[in-house]
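Observations on chain architecture
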Amino acid sequence: MLAALVRHEAPESVGRAREAIDRVDAALATLLERRAVLAGTVQRLKPVGGFAGRDMDRERRLVAAMAHRAPRLGEVRLAPVMNAVIEAGLHLAEEERGRS
């Protein structure tokens with residue numbers, strides 16, 4: 001699964017390109033789940049959790065650091081993606097806290 005993230009591929013057909021995308025998507029799903037679990041841990045440890053406890057400066061720094069690894073996407077394109085990822089994790093943490 002990790003190979004999907006680091007191996008350079010140059011597919012020469014739509015089918016092969018979609019297969020490569022599917023491999024990356026599988027890796028992304030695994031990483032997003034792991035991130036959500038870790039974010040849930042942070043929510044439990046912070047004095048103010050949930051949406052009220054968001055650290056917008058940290059989120060901006062996170063996006064800037066990610067843009068160095070994904071310069072073609074850049075901060076402008078990464079910011080809404082990471083906002084969605086963060087909000088999904090916060091919603092999950094709230095749901096799981098409500099089930100406890």
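Just above sits the structure.
The text that follows walks through the structure, step by step, so that each part is easy to find. (Residues numbered from 1 in each chain as written. Predicted model: local features only at pLDDT ≥ 70, side-chain atom pairs only at ≥ 80, totals over all residues. Heavy atoms only, no water.)

As for the pattern of salt bridges
Applying the stated criterion across every chain yields a total of 7 salt bridges. Among the salt bridges present, the one from Arg16 reaches Glu19, with a minimum N-O distance of 3.6 Å. A residue pair is termed a helical-turn pair when its members lie 3 or 4 positions apart in one helix, as Arg16 and Glu19 do in helix 2 (residues 14-45) at 3 residues. Residue Arg16 is classed as exposed on the basis of its relative accessible area, which comes to 55%. On the basis of relative accessibility, which here comes to 40%, the residue Glu19 falls in the partly exposed class. For the salt bridge of Arg60 with Asp57, the shortest nitrogen-to-oxygen distance reads 2.6 Å. Pair noted here: Arg60 and Asp57 are both in helix 3 (residues 56-69), with a separation of 3 residues, about one helical turn. One continuous salt-bridge network, built from bridges that share partners, spans Arg7, Glu9 and Arg23. (Salt bridge = Lys/Arg side-chain N within 4 Å of Asp/Glu carboxyl O. Helix = DSSP H or I, 4+ residues; strand = E, 2+ residues; numbered from the N terminus. Buried < 20%, exposed > 50% of the residue type's maximum accessible area, 1.4 Å probe, protein only.)

Concerning the packing of helix 2 against helix 4 (residues 74-99)
At a minimum axis distance of 9 Å, the contact between helix 2 and helix 4 shows a crossing angle of 60°. Taken together, the axes of helix 2 and helix 4 are oblique relative to one another. Crossing geometry of helix 2 relative to helix 4 is assigned as right-handed. Counting all contacts with helix 2, which are made through Leu32, Arg35, Ala36, Gly40 and Gln43, the residues of helix 4 involved are Met82, Val85, Ile86, Gly89, Leu90, Leu92 and Ala93. Partitioned by chemical class, the residues of the contact of helix 2 with helix 4 number 8 nonpolar, 3 polar and 1 charged. (Axes fitted to C-alpha atoms, helices over the stretch in contact; angles between N-to-C directions. Parallel < 35°, antiparallel > 145°, perpendicular 65-115°, else oblique. Left-handed = near helix turned anticlockwise from the far one by under 90°. Contact = heavy atoms within 4.5 Å. Nonpolar A, V, L, I, M, F, W, Y, C, P; charged D, E, K, R; others polar.)

Overview of the layout of surface pockets
If you add up the space inside the largest pocket, you get close to 830 Å³. In this structure, the largest pocket is lined by 19 residues; those nearest its centre are Leu28, Leu31, Met66, Arg69 and Met82. Elements supplying a minimum of two residues to the lining of the largest pocket: helix 2, helix 3 and helix 4. Residue composition of the lining of the largest pocket, grouped by class: 15 nonpolar, no polar and 4 charged. Empty space within the second largest pocket amounts to approximately 370 Å³. Surrounding the second largest pocket, 17 residues form its lining, Arg35, Ala39, Val42, Gln43 and Arg58 being those nearest its centre. Among the secondary structure elements, those contributing two or more residues to the lining of the second largest pocket are helix 2, helix 3 and helix 4. Looking at the lining of the second largest pocket residue by residue, the class counts come to 6 nonpolar, 5 polar and 6 charged. (1 Å grid on protein atoms, 1.4 Å probe; cavity = no way out; pocket = protein on both sides within 12 Å on 5 of 7 lines; lining within 4 Å. Points joined across faces, edges and corners; volume = space filled by probe spheres on them.)

Observations regarding the nonpolar core
Judged by nonpolar contacts, Val63, Ala67, Leu78, Met82 and Val85 together constitute the single largest core of 5 residues. Counting only elements with at least two residues in this core, the list comes to helix 3 and helix 4. The greatest single-element share of this core, amounting to 3 residues, is contributed by helix 4. Each residue touching Leu78, except ones within four places of it in the same chain, is listed here: Val63, Met66, Ala67, Ala70 and Leu73. (Core = buried A, V, L, I, M, F, W, Y, C linked by side-chain atoms within 4.5 Å.)

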